[in-house]
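Listed below, chain by chain, are the residues.
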Amino acid sequence: MGRSAAALSDGKLKRTTAASPKRPRRRRAFSRSDRFTLGVFVGVPTAIHLLLVWIPATLTIYLSFTYWTGINYSDITWAGLANYDNIFTKTPLFYDAVRNNVIWLVWFALISTPAGVLLAYQIDRQIRGHRFYQSAYYFPVVLSLAVTGIIWNFMLRSDGFINGLIGRDISNAVSFFGNYDINIYVIMVIASWRHVGYIMLLYLAGLKAVDPTLREAAAIDGATEWETFRKVVLPAMRPVNIIIVVITIIESLRAFDIIYVIYGTSAGLPILGVLVFQNIAGEGASMKGAAYAVILFVLSIGPIIAYLRQQFREDVS
Amino acid sequence: MTTDQNKVRGADVGYTLNRRELLIGAAGVAGAGALLAACGGGEVGPLTFGARTVDESPTKQLKALVAAYEAKTGNTVTYNATESNAFQNNLSQYLQGTPDDAFQWMAGYRMQFFAEQGLLVDLTDVWDKIGDQYSESYKIASTGLDGKQYFIPQSWYPWGMHFRKSMLAELGIDPDGIYNWDDFMKMLDGMKSKGLIGFAAADKGGWEAMGTFDILNARINGYQFHVDLMAGREKWTDARTAEVFKYWEMLVPYMNDNVLDLEWDGAMQLLLQKKAGAMLMGSWFGGNFKEQSDADYEDLWIIPFPEINPEHKRDTIDAPIDGFCAAKNGANNDGGKDFLAFAGDMEGVQAMLDTGVPMTSANKGQDTSTYDAFQTQQLAVMAEAKYITQFLDRDTRPDFAGPIVGPALQSWFKNPKDVNKILESLQSQWDALPPL
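Residues numbered from 1 in each chain as written. Chains lettered and ligands numbered in written order. Predicted model: local features only at pLDDT ≥ 70, side-chain atom pairs only at ≥ 80, totals over all residues.

**Section: the overall build of chain B**
Inference 1: Secondary structure assignment for chain B yields 21 helices and 11 strands.
Inference 2: Against the compact-globule benchmark of 22 Å for 436 residues, chain B has a radius of gyration of 21 Å, which places it among compact chains.
Inference 3: Dimensions of chain B, computed from the C-alpha atoms along their principal axes, are close to 65 × 50 × 35 Å.
Inference 4: Among the 436 residues that make up chain B, the fraction classed as buried is 56%. (Helix = DSSP H or I, 4+ residues; strand = E, 2+ residues; numbered from the N terminus. Rg over C-alpha atoms; globule rule 2.2 N^0.38 Å. Buried ≥ 20, exposed ≤ 12 C-beta atoms within 10 Å, placed from the backbone.)

**Concerning the overall build of chain A**
Inference 1: Regarding its fold elements, chain A presents 15 helices and 2 strands.
Inference 2: Split into buried and exposed, the 317 residues of chain A put 31% on the buried side.
Inference 3: Long-range contacts, defined here as pairs at least 24 residues apart, represent 65% of the contacts in chain A between residues at least 6 apart. (Contact = placed C-beta atoms within 7 Å.)

**What to know about the nonpolar core**
Soluble globular proteins: nonpolar side chains tend toward being buried together.
Inference 1: Grouped together as the largest cluster of nonpolar side chains are 129 residues, with contacts concentrated most on A200(B), A267(B), M279(B), C325(B) and L340(B).
Inference 2: Built from parts of two domains, this core gets at least three residues from each of domain 1 (7-157 + 319-372) and domain 2 (159-318 + 397-431) of chain B. (Core = buried A, V, L, I, M, F, W, Y, C linked by C-beta atoms within 7 Å. Domains from an automatic or database assignment.)

**Side note on the confidence of the model for chain A**
Inference 1: Of the residues in chain A, 89% reach a pLDDT of 70 or more, and the chain-wide mean stands at 86.
Inference 2: In the predicted structure, residues 1-21 of chain A sits below a pLDDT of 50 and forms 4 contacts with residues beyond four places in sequence or in another chain. (pLDDT = per-residue confidence, 0-100.)

**Concerning the sheet that holds strand β10 (residues 321-326) of chain B**
All names here are of chain B.
Inference 1: With mixed pairing, 5 strands are arranged side by side in an open sheet as β2-β1-β3-β10-β4. Since the sheet does not close on itself, it has two edges, and those belong to β2 (77-81) and β4 (152-156), each with one partner. If you compare each strand with its neighbour and ignore which way they point, the axes differ by 25° on average.
Inference 2: In the packing of helix α4 (residues 56-73) onto the sheet, the strands contacted are β1 (47-51) and β2, and the crossing angle to β2 comes to about 170°. (Pairing = 2+ DSSP bridges. Axes fitted to C-alpha atoms, helices over the stretch in contact; angles between N-to-C directions.)

**A closer look at the domain arrangement of chain B**
All names here are of chain B.
Inference 1: Domain assignment breaks chain B into domain 1 (7-157 + 319-372) and domain 2 (159-318 + 397-431).
Inference 2: Computed over C-alpha atoms only, the centres of domain 1 and domain 2 are separated by 28 Å.
Inference 3: Taken together, the contact pairs 15 residues of domain 1 with 15 residues of domain 2.
Inference 4: Counting only elements with at least two residues in the side of domain 1 that touches domain 2, the list comes to α4 and α6 (109-116).
Inference 5: Of all the elements, α4 adds the most residues to the side of domain 1 that touches domain 2, at 3 residues.

**Examining helix α11 (residues 225-236) of chain A**
Inference 1: Between its terminal C-alpha atoms α11(A) stretches 15 Å, which fits the 16 Å expected from 12 residues at 1.5 Å a residue.
Inference 2: In terms of burial, α11(A) is a largely surface element, 0 of the 12 residues being buried. (Expected span 1.5 Å × (residues − 1).)

**Observations regarding the packing of helix α7 (residues 145-156) of chain A against helix α9 (residues 183-209) of chain A**
All names here are of chain A.
Inference 1: Where α7 contacts α9, the two axes come as close as 10 Å, and the packing angle between them is 130°. Classified by the angle their axes make, α7 and α9 are oblique. The handedness of the crossing between α7 and α9 is right-handed. Residues L145, T148, W152 and L156 of α7 lie in contact with α9, whose contacting residues are V186, I190 and R194.
Inference 2: Here the contact of α7 with α9 is built from residues that sort into 5 nonpolar, 1 polar and 1 charged. (Parallel < 35°, antiparallel > 145°, perpendicular 65-115°, else oblique. Left-handed = near helix turned anticlockwise from the far one by under 90°. Nonpolar A, V, L, I, M, F, W, Y, C, P; charged D, E, K, R; others polar.)

**Considerations on the environment of F245(B)**
Residues and elements named next belong to chain B.
Inference 1: Counting through the fold element by element, F245 comes out in helix α12 (residues 239-251).
Inference 2: Looking at F245, the number of C-beta atoms within 10 Å reads 20, which means it is buried.
Inference 3: Here the alpha-carbon distance between F245 and T73, two residues 172 residues apart in the chain, equals 54 Å.
Inference 4: Not counting chain neighbours up to four residues away, the residues in contact with F245 comprise W412, P416 and V419.

**Some details on the sheet that holds strand β7 (residues 276-282) of chain B**
Residues and elements named next belong to chain B.
Inference 1: An order of β6-β7-β5-β8 is seen for the 4 strands of this open sheet, with the pairing classed as mixed. For this open sheet the edge positions go to β6 (197-200) and β8 (300-303), each flanked by a neighbour on one side alone. For this sheet, the mean angle separating the axes of adjacent strands, direction not counted, is 25°.
Inference 2: For strand β5 (residues 159-164) and β7, the ladder comprises 4 bridges, and the chain directions are antiparallel. When the sheet's bridge partners are listed, G160 is paired in β7 with M281.

**Considerations on the interface of chain A and chain B**
Inference 1: Taken together, the 34 residues of chain A in the interface contact 39 residues of chain B.
Inference 2: Partitioning the side of chain A that touches chain B into residue classes produces 13 nonpolar, 17 polar and 4 charged.

**Describing the confidence of the model for chain B**
Residues and elements named next belong to chain B.
Inference 1: Here chain B averages 88 in pLDDT, and 90% of its residues register 70 or above.
Inference 2: Taken element by element, the predicted model of chain B shows its lowest mean pLDDT in helix α1 (residues 3-7) (35) and its highest in α12 (97).
Inference 3: Every residue in residues 1-41 scores below 50 in pLDDT, and together they form 89 contacts with partners more than four places removed in sequence or on other chains.
Inference 4: Among the prediction metrics, the complex's ipTM stands at 0.81, with pTM recorded as 0.84.

**Things to note about unusual backbone geometry**
Residue and element names in this part refer to chain B.
Inference 1: Residue K274 is not a glycine yet carries a positive backbone phi of 60°.
Inference 2: Looking at where K274 falls in the secondary structure, it is placed in the loop between α13 (264-272) and β7.
Inference 3: By the C-beta count within 10 Å, which is 15 here, K274 ends up partly exposed.
Inference 4: Even without glycine at this site, K313 takes up a positive phi of about 45°.
Inference 5: Here K313 lies in the loop between β8 and β9 (316-318).

**Some details on helix α20 (residues 398-414) of chain B**
Inference 1: Here α20(B) is 17 residues long and its end C-alpha atoms lie 24 Å apart, about the 24 Å a rise of 1.5 Å per residue gives.
Inference 2: With 15 of 17 residues buried, α20(B) is to be regarded as a mostly interior element.

**Comments concerning the environment of K90(A)**
All names here are of chain A.
Inference 1: Locating K90 in the fold gives a position in helix α4 (residues 82-90).
Inference 2: Under the C-beta neighbour-count criterion, K90 is labelled partly exposed, with 18 such atoms within 10 Å.
Inference 3: Residues K90 and V196, 106 residues apart in the sequence, show an inter-C-alpha distance of 37 Å.

Next comes the structure, spelled out in structure tokens:
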């Protein structure tokens, strides 16, 4: 019996090899149970993904062209472009929000992200106390954005810690959150507190993977520190760089948590994420919120596609 | 209520509370309550109750109500508390999901909207049982657009100018002498010259300033204009609306600098800590003063907002009614109704009053002779008004009040000179609202 089984499998093997000498693996037919297993492993996540991501997303896009209070399906009425027209031509808050999101993006791109990269580079060079810096800067990343917001709210509100420290009470407090000329920058400092550590960590992981002999070779050729970084390290880090750029863009666009914790749904600091929520949540939801969500989606999709392509390329290689 | 009024949108129904009926109600005796004390109870099984607050005083009150109900009927009640803003933001989803059987909510448009959507339990038979403990005006405020009742009132409070009596005494100000705008401005000047904030204000939450808009509009342009504006029958671009902001701007120099950095309780702290001399607010915060100390509570005083236009005297007031509803999607509708019958009955009201947390109940059974000085004054403030409104965010469409008026008033605080631009934008955003 053992022999016949061996012979059988032998023959099968031969047949397969004979049929496709070049790429034997690809052409191998899956058995029924393999197909079932694969079907389950691919099918279930796909179904869940469709159910939880694509169906709601598609419905949101549909709803953005309707009027609806969010309760009875029979009340949905077609509105055409009315919600978008309303947002683009009649809602000054939308432009305030776009302005704030743009400031957020520019700040992250020009200040927070470079700062994170610089820190990562310094820590990678093992400057004195680098372990301490690494932990200190990484610490905020452990906290969720909501917790970050709560902490800084305690620090900066009118009856908060900082105002207490500089001897001001609630009647003459420095208005960190209520001064609409500066509050976006206050928020940027708070958001950066976390973002810098996040970028630092990602970049540090990338730097550790750069072959040290590259640097040594550059040093032997007489390159300065800056030249080494710019011409040797940076190009070697290309995949990480792209991820960092994309993360910076996405984090700026999807900003919500910190603002919501500090301002609630009031428009103290309008950003797109809050406008979506403000119009959808609460009583008498309006599909203007869905339209805001679609606008945000369109703005985010570019960076997301770039991000995913990079991810897949890495997975393949 | 005339048929003509019936035709207008739901937002108006809450307004028909009229002064005389409310006073008769509040001043009535407890007789009716005693007769009906037997109602409520029965075998309805365990139920859940959703509180729209996590604050100390109201929680104490509601827990006492729940305990009294449990002791009386033997039905267990699960008490779920949610912070009020979070509760409001989530209400649509909450009512469509698995809500508590009974929950805390507000009268007027905000109740009617959800009743229209079929998410609230019809409480008409509860009103049949306990209705005669309430004046007609409360019944009207509890009635949906279909003529059925969906709401059990708990308490009311007036919006007015709040002071600390001790501070007024020190400043030599007689609150009864502040009748009109000139008196008021003189008082503010006096406070400012003493280094005090005259008019404590807050608007970080986006709703606080609506109270100031309401009362200024009612004083300058009268009740009818205000109601019509809320319902969209008058325009925000009307010169009369702009006039409101002219007066409001006169108040700005007397306000704290951090209006947009404070929520309502920040403004309250200014008064509590004697940094500010006066504050426009609803009297609900008495409980917060009492948490501080009895002396602080007893120091509180309220007068109506001053007269501006002699034609309208001081005839209108924001006096919102808070209370309870039962959720249709709750697991135990009968339980919810049974609990609300108890909550609305004098027996339940008494359980809340016995906690010592100040409350001006909607129930006739709360003898006004048991009112403390501050509550008696609240009643007097109400008595002067002929028309009662709820509050801007309860009197106009919810998709207009929160997302549109709130931010507009905040941007006005940032730059009062922008008033015309802001009003034009408000009107065009009203015009762009989806048809109801």
